[in-house]
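Inside the fold
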Amino acid sequence: MDSGGGGGATAIRVPYRHLRDAEMELVSLNSSSSTSSPRAPPKDHQPHREGEDGAPKYRVVLACMVAAGVQFGWALQLSLLTPYIQTLGIDHAMASFIWLCGPITGFMVQPCVGVWSDKCRSKYGRRRPFILAGCVLICAATSVTS
């Protein structure tokens, strides 16, 4: 908060969709500190109350269900990958190298895909073609290795 007389910056956190309301409040706060009479906010301006205008509960539940599905997938992979690899005849010591394949390829591939998608000028957007290609490649790799 600004402890000085005037002209200092005030740090606040606001959600992006209510940024214009917060700007109006800051303007009224700054103008009231420089003049003796505070300026009234516009008639159509109503400050955002916490919990009001939030996402509907069913959308929050759907988002949580997606996150839960991802977590279940990770839990299955972490618990079952090493035994599955050992059924293929790979030593337990070599299984750790297989665990390294994902992070290493992600370290190399993700920056390349990011640069390519930033330069993409598709009518479907910059990211959607890469998401679709990734889904197709994952499905193909899963069907080949299963």
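Residues numbered from 1 in each chain as written. Predicted model: local features only at pLDDT ≥ 70, side-chain atom pairs only at ≥ 80, totals over all residues. Heavy atoms only, no water.

A short note on the overall build of the protein
- Across its full length, the protein carries four helices and zero strands.
- Secondary structure elements of the protein occur, N-terminal to C-terminal, as α-α-α-α.
- Within the protein, buried positions represent 8% of all 146 residues.
- In the structure as shown, the protein presents an accessible area of about 12,600 Å², 66% of it carried by carbon and sulfur atoms. (Helix = DSSP H or I, 4+ residues; strand = E, 2+ residues; numbered from the N terminus. Buried < 20%, exposed > 50% of the residue type's maximum accessible area, 1.4 Å probe, protein only. Areas by Shrake-Rupley, 256 points an atom, 1.4 Å probe, with all protein chains shown as cover.)

Some remarks on a nonpolar patch on the surface
- Together, Y84, L88, I90, M94, F97, I98, L100, I104, F107, M108 and V109 make up a nonpolar patch on the protein surface, roughly 1,100 Å² of accessible area in all.
- Looking at which element gives the most residues to the nonpolar patch, the answer is helix α3 (residues 92-119), with eight residues.
- Note on placement: Y84 falls in helix α2 (residues 57-87). (Patch = residues over 30% accessible without salt bridge, like charges linked within 9 Å, V, L, I, M, F, W, Y side chains within 5 Å. Salt bridge = Lys/Arg side-chain N within 4 Å of Asp/Glu carboxyl O.)

Brief notes about the confidence of the model for the protein
- Looking at the protein as a whole, its pLDDT mean stands at 75, while 64% of the residues score no less than 70.
- Confidence scores differ between elements of the protein, with helix α1 (residues 19-34) showing the lowest mean pLDDT of 56 and helix α4 (residues 128-145) the highest of 89. (pLDDT = per-residue confidence, 0-100.)

Brief notes about α2
- In this model, α2 (31 residues) spans 44 Å end to end at C-alpha, consistent with the 45 Å of a helix rising 1.5 Å per residue.
- After α2 finishes, the residue G89 shows a positive phi value of roughly 100 degrees. (Expected span 1.5 Å × (residues − 1).)

So, the side chain of T82
- With respect to the secondary-structure elements, T82 resides in helix α2.
- The buried category is assigned to T82, whose relative accessible area is 17%.
- Residue contacts for T82: discarding those within four places in its chain leaves H92, A95 and W99. (Contact = heavy atoms within 4.5 Å.)

Regarding the packing of α2 against α3
- Following both chains from N to C, one finds α2 and α3 inclined at 130 degrees, their axes separated by 9 Å at the closest point. Judged on the interaxial angle alone, α3 and α2 are oblique. The two elements α2 and α3 cross, and the hand of that crossing is right-handed. Contacts from Q77, L78, L81, T82, I85 and Q86 of α2 reach α3 at H92, A95, I98 and W99.
- Among the residues forming the contact of α2 with α3, the class breakdown is six nonpolar, four polar and no charged. (Axes fitted to C-alpha atoms, helices over the stretch in contact; angles between N-to-C directions. Parallel < 35°, antiparallel > 145°, perpendicular 65-115°, else oblique. Left-handed = near helix turned anticlockwise from the far one by under 90°. Nonpolar A, V, L, I, M, F, W, Y, C, P; charged D, E, K, R; others polar.)

What about α3?
- Over its 28 residues, α3 extends 42 Å from the first C-alpha to the last, a length consistent with the 40 Å expected when each residue adds 1.5 Å.
- Where α3 bends most, at G106, the angle is about 30 degrees.
- Taken together, the buried positions of α3 are occupied by A95, G106 and S117. (Bend = angle between axes of the 7 residues up to and from the residue.)

Brief notes about the side chain of S117
- Along the chain, the position of S117 falls in helix α3.
- Sequence-distant contacts of S117, defined by excluding residues within four places in its chain, comprise R126, R127 and F130.

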